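Spelled out, the chains give:
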Amino acid sequence: MRLQPLLIVVVTITLLALQGCGSVSYYTQSINGHLKLVSAGQAVDKLIDDPTRAPDLREQLKLARDIRQFAIDTLNLPDNNSYRNYVDTHRQFVTWAVFAAPKLSLNVRTWCFPVAGCVPYRGYFSQEKALEFADGLRDEGLDVYVGGVPAYSTLGWFNDPLLNTMFLRGEPYLAGVVFHELSHQQVYVPNDTAFNEAFATAVEHSGTVAWLKHRNDRAAQREYLASQKRNDDFLALIANGRKELGRIYASQMSDGDKLKAKAAAIEKLRARYRQVKTQRWRGYSGYDLWFSEPINNAKLATVAVYNDLLPAFSRLLKTCHDNYDRFYNTVQRIARLDPQQRLETLNSIARCD
């Protein structure tokens, strides 16, 4: 762990003390949560070579080590000490993210932080604290969604560890999350979550396909590509649902009528999902839980914020012929533009640097 980030943390807490105890309390839990993880980390190489460790864990860590090297050699992602240590959190998620939006608006609330800038969520290492904060937002009359997070990035300020939570969904997921989080160290624009997440997701998807090809696992390739097609269908459903809700919220109806129309639109979204599940997915039920639980503006925002710009980044990567250095250079150039130019250029760019 480098001393410079720790100094930044100390200065940050000092400055936040001027803003009130609530800010200091939130940052303290974030810092303590991360430092607790980092201090519990054990070197992956040592764990692999330790015969007293469970064979399954050693095999998983070997796989993670190979994925980490592939990220460097093939995807040209940062070669540093991130994902060289392992931590078992003894739980399913490492953090919980709280999202909020007005009941009659698709505009998600944002919170601003040093270094990261403004983002559309607040993250907590304690589920209890996340739910407590969410209750306060509901008391304000907001739509709220709390989701578990299996991994996160400190944007290169610290050496991010491998977590047991990253191993719970299989090899393609493990590869994807490593590629995704390392991508945030490659390019990150403060105050533009949609840009950052779509960029990282584009690298994640392309990198995972490349990894499975490298492994010569054709069955896994077919399943992963099929899962991406289903995800595309899911994103289209959400986009259409948000468009319908946007029309409702912009209408001249009374708030009471808008709320009724909102509920009807959400039920229509569920009906469309059942149709897609039956007709296109042959009964695949992997999204059942998402649609069976409450749906509101905040939950819909978690999908839109992270995926709206994904087609543009995927198109740009293809324009670069999957040359990751050229892709990163082009994205870095676009990132330096002001927000409006950034969006316009990303959606219209036809060549790679």
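In what follows, the structure referred to is the one given above.
Residues numbered from 1 in each chain as written. Predicted model: local features only at pLDDT ≥ 70, side-chain atom pairs only at ≥ 80, totals over all residues. Heavy atoms only, no water.

1. Description of the packing of helix α4 (residues 55-73) against helix α6 (residues 171-186)
Helix-helix packing is described using two parameters, namely the angle between the two axes and the distance between the axes.
Here is step 1 of the chain: Orientation of α4 relative to α6, taken along the N-to-C sense of each, is 40 degrees, at an axis distance of 10 Å. In terms of orientation, α4 lies oblique with respect to α6. As for the relative orientation of α4 and α6, their crossing is right-handed in sense. Contacts between α4 and α6 pair Leu-63, Ala-64, Ile-67, Arg-68, Phe-70 and Ala-71 from the former with Glu-171, Leu-174, Ala-175, Val-178, Phe-179 and Leu-182 from the latter.
Here is step 2 of the chain: Classifying every residue of the contact of α4 with α6 gives 10 nonpolar, no polar and 2 charged. (Axes fitted to C-alpha atoms, helices over the stretch in contact; angles between N-to-C directions. Helix = DSSP H or I, 4+ residues; strand = E, 2+ residues; numbered from the N terminus. Parallel < 35°, antiparallel > 145°, perpendicular 65-115°, else oblique. Left-handed = near helix turned anticlockwise from the far one by under 90°. Contact = heavy atoms within 4.5 Å. Nonpolar A, V, L, I, M, F, W, Y, C, P; charged D, E, K, R; others polar.)

2. Here we look at helix α7 (residues 193-214)
Here is step 1 of the chain: In this model α7 runs 31 Å from its N-terminal to its C-terminal C-alpha over 22 residues, within 8% of the 32 Å that 1.5 Å per residue would give.
Here is step 2 of the chain: Counting buried positions along α7 gives 17 out of 22 residues, so the element sits mostly inside the fold.
Here is step 3 of the chain: At the C-terminal side of α7, Asn-216 shows a positive phi close to 55 degrees. (Expected span 1.5 Å × (residues − 1). Buried < 20%, exposed > 50% of the residue type's maximum accessible area, 1.4 Å probe, protein only.)

3. Section: the sheet that holds strand β1 (residues 42-43)
Here is step 1 of the chain: Reading across the sheet, the 3 strands line up as β1-β2-β8 and stay open at both edges, with mixed pairing between neighbours. A strand with exactly one partner marks an edge of an open sheet, and here the two such strands are β1 and β8 (162-163).
Here is step 2 of the chain: As judged from the 2 bridges shared by β1 and strand β2 (residues 85-87), these two strands associate in the antiparallel manner. Bridging across to β2, Gln-42 finds its partner in Tyr-86. (Pairing = 2+ DSSP bridges.)

4. Some points on the nonpolar core
Here is step 1 of the chain: Of all hydrophobic cores here, the largest spans 57 residues; its most connected members are Leu-162, Val-178, Phe-179, Phe-313 and Phe-327.
Here is step 2 of the chain: The residues contacting Phe-179, other than those within four sequence positions of it, are Ile-67, Phe-70, Ala-71, Leu-75, Leu-77, Val-203, Glu-204, Gly-207, Thr-208 and Trp-211.
Here is step 3 of the chain: Core analysis: the next-biggest nonpolar cluster, separate from the first, contains 19 residues, Leu-269, Trp-281, Trp-290 and Leu-300 among them. (Core = buried A, V, L, I, M, F, W, Y, C linked by side-chain atoms within 4.5 Å.)

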